[in-house]
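This is what each chain is made of:
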Amino acid sequence: MLDVPRDALLRPLSRSEVLGLVVRLTIFGAATYFSIKWVVEALDPTHKQKLQAKKKAEQLMKQIGVEGIKLNEYEMNIAAHLMDTQCIKVTWRDIAGLDEVIAELQDSVLLPFQKRHLFAVSRLFQPPKGVLLYGPPGCGKTLIAKATARASGCQFMNLQASTLTDKWYGESQKLTSAVFSLAMKIQPCIIFIDEIDSFLRNRSSLDHEATAMMKAQFMSLWDGLDTSTDCQVMVMGASNRPQDIDPAILRRMPATFHIGLPNQRQRHDILKLILAGENLSNTVNLREIAERTEGFSGSDLRELCRDAALYRVRDYVRKQQMKQIARQLQECDTDDGPVNEDRLRPVTQLDLLFGLDKMKESKHAESSQSSLTEMPLD
Ligand SMILES: Nc1ncnc2c1ncn2[C@@H]1O[C@H](COP(=O)(O)OP(=O)(O)OP(=O)(O)O)[C@@H](O)[C@H]1O
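Residues numbered from 1 in each chain as written. Predicted model: local features only at pLDDT ≥ 70, side-chain atom pairs only at ≥ 80, totals over all residues.

Looking at an unreviewed UniProt entry, one finds the protein chain named Outer mitochondrial transmembrane helix translocase, with Paramormyrops kingsleyae as its source organism. According to the UniProt record, the Catalytic activity (unreviewed entry) comment for the protein chain is "[protein]-with a C-terminal TM segment(out) + ATP + H2O = [protein]-with a C-terminal TM segment(in) + ADP + phosphate + H(+)". For the protein chain, the Sequence similarities (unreviewed entry) comment in UniProt is given as "Belongs to the AAA ATPase family. MSP1 subfamily." (UniProt positions renumbered as here; feature names shortened; annotations may be inferred.)

If you want it as structure tokens, here you go:
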């Protein structure tokens, strides 16, 4: 053991010794703090993701003109899901056959946002805090959400279920709370949740504790939007399976819009819009195609038209190949004109009918596959 003289232990420390001790303690404290921070960050698998989200969020916030607002780590994470509505290409004119839905949406959802001063006089005029777009896949829900975002002039937060659910224990709740606090900070804001059924589905006893808590918290924060009359935040959900949504959530979305499979008139309008600007032959009769596409969604119709348009490209390529072969056989020189004419023939009714048959076949195969997978195994 070190033999320290008793006097040295008992005498008071000099000023420089105290100063030296304080400096050493501060350096030790700082080194410990940064080492622990470094270890925690190294152990956190989401650290890199968080840094990227922060960078993206900062960039986005600048782009959408939100500056000078202080955000915490979780709000930064959520801010990465904001969309620059000026960059959204979809407008109302890109949606066919849904004029009634669009008019209703404009009156009940957009007007209160756009003419805030007129609506401020009464609580009855407040925009709905929840809107649900529901219907089969491929019928225009996402198109409508995008066009709403563009027309509203609001900030638009585009959330996927996984943004809030695929997180460490406890993180989901912090992120959920960040969704609402960020929306309040940057309001007016629409929080859009695609496939809201997979995110806020019927609560069951099988729910993980964290999921159940996150849902309860989401609802209570949502209710909180109602407490202030000048709050300009709205949740908009889209779903193919509204029957799977928790009834408590459905109650919070009083404005519902059914976007179903298009009827014959709507199919005609959609076909006209999709084929606008295409080189069509005089033989094309879109009424006939609309009549023969019962059960097709807007997205099926787009696929049909795409196939039809491709047939002429295929024909063009074949024709060019045939011409080339003929030239080689005749061994003639090139002054007969260029081999590559750059004009495609117009789309004909036959192309559309071929596209229709192909689409019907693939839909048939799809439905027989799904009926096979739905068959009980025993
Ligand atoms: N009413 C419509 N007018 C014009 N195009 C449409 C319409 N409905 C669907 N489409 C076409 O189908 C594509 C898919 O539509 P959209 O993504 O909006 O469907 P959705 O209902 O959101 O489907 P999902 O539920 O699978 O997300 C669109 O990009 C568009 O090309």
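From this point on, the discussion continues.
Moving on, we get to the overall build of the protein chain. Within the protein chain one finds 16 helices and six strands. With 378 residues in all, the protein chain has 28% of them scored as buried. Considering only intrachain contacts with a sequence separation of at least 6, the fraction spanning at least 24 residues in the protein chain is 81%. (Helix = DSSP H or I, 4+ residues; strand = E, 2+ residues; numbered from the N terminus. Buried ≥ 20, exposed ≤ 12 C-beta atoms within 10 Å, placed from the backbone. Contact = placed C-beta atoms within 7 Å.)

All right, on to the packing of helix H5 (residues 99-114) against helix H7 (residues 141-152) then. Contact pair H5 / H7: the axes reach a minimum separation of 10 Å and the direction vectors enclose 35°. As for the relative orientation of H5 and H7, their crossing is right-handed in sense. Facing H5, whose interface residues are Leu105, Val109, Leu110 and Phe113, H7 presents Ile144, Thr148, Ala151 and Ser152. Along the lines of polarity and charge, the residues of the contact of H5 with H7 split into six nonpolar, two polar and no charged. (Axes fitted to C-alpha atoms, helices over the stretch in contact; angles between N-to-C directions. Left-handed = near helix turned anticlockwise from the far one by under 90°. Nonpolar A, V, L, I, M, F, W, Y, C, P; charged D, E, K, R; others polar.)

It is worth spelling out the site of the ligand at this point. Every one of the 17 residues lining the ligand counts as a neighbour, but Pro137, Gly140, Thr142, Gly298 and Ser299 are closest to it. At the level of elements, H7, helix H13 (264-275) and helix H15 (298-330) are the ones that each hand at least two residues to the shell around the ligand. Taken together, the residues of the shell around the ligand sort by class into eight nonpolar, seven polar and two charged. (Near = placed C-beta within 6 Å.)

On to the domain arrangement of the protein chain. Many authors give the size of an interface as the accessible area that is lost as the parts come together. With domains assigned, the protein chain is organised as domain 1 (51-258) and domain 2 (264-368). Each partner contributes residues to the interface: domain 1 has seven residues there, and domain 2 has nine residues. (Domains from an automatic or database assignment.)

The biggest cluster of nonpolar side chains holds 74 residues, and the ones touching the most others in it are Ala79, Ala183, Ile190 and Ile191. Among the elements that take part in this core, helix H9 (residues 171-186) stands out by supplying seven residues, more than any other. With near-sequence residues (within four places) excluded, Ala79 lies in contact with Ala57, Leu60, Met61, Leu71 and Leu182. (Core = buried A, V, L, I, M, F, W, Y, C linked by C-beta atoms within 7 Å.)

Scored by pLDDT, the protein chain comes out at a mean of 83, with 86% of its residues at no less than 70. Between the elements of the protein chain, mean pLDDT differs from a low of 70, seen in helix H1 (residues 6-10), to a high of 96, seen in H13. For this predicted complex, the interface confidence comes out at an ipTM of 0.96, alongside a pTM of 0.77. (pLDDT = per-residue confidence, 0-100.)

Take the packing of H13 against H15 next. Contact geometry for H13 and H15: axes closest at 10 Å, N-to-C directions at 45°. Between H13 and H15, the angle falls in the class oblique. Relative to H15, the crossing made by H13 is right-handed. Taking contact as the criterion, the partners of Arg267, Ile270, Leu271, Ile274 and Leu275 in H13 are, on H15, Gly298, Leu301, Arg302 and Cys305. (Parallel < 35°, antiparallel > 145°, perpendicular 65-115°, else oblique.)

Looking now at the sheet that holds strand E3 (residues 155-159). Pairing is mixed across the open sheet formed by six strands, whose spatial order is E1-E3-E4-E5-E2-E6. Both outer strands of the open sheet, strand E1 (82-83) and strand E6 (255-258), are each paired with one neighbouring strand and no more. Bridging between E1 and E3 involves two bridges; their strand directions are antiparallel. For Leu82, the partnering residue across the bridge sits in E3 and is Met157. The strands that H7 touches are E1, strand E2 (130-134), E3, strand E4 (189-193) and strand E5 (233-239); relative to E5, the one it contacts most, it runs at about 160°. (Pairing = 2+ DSSP bridges.)

With the exception of glycine, most residues fall at negative phi, and the peptide bonds are largely trans. Going from Gln187 to Pro188, the amide bond is cis rather than trans, its omega being 5°. Position of Pro188 among the secondary structure elements: in the loop between H9 and E4. Residues other than glycine seldom take positive phi values, yet Glu195 does so here, at roughly 50°. As for its position among the elements, Glu195 is in the loop between E4 and helix H10 (196-199).

With respect to the secondary-structure elements, Gln63 resides in helix H3 (residues 47-63). Exposure remark for Gln63: the 12 C-beta atoms within 10 Å place this residue in the exposed category. With 15 residues separating them in the primary sequence, Gln63 and Lys48 have C-alpha atoms 23 Å apart.

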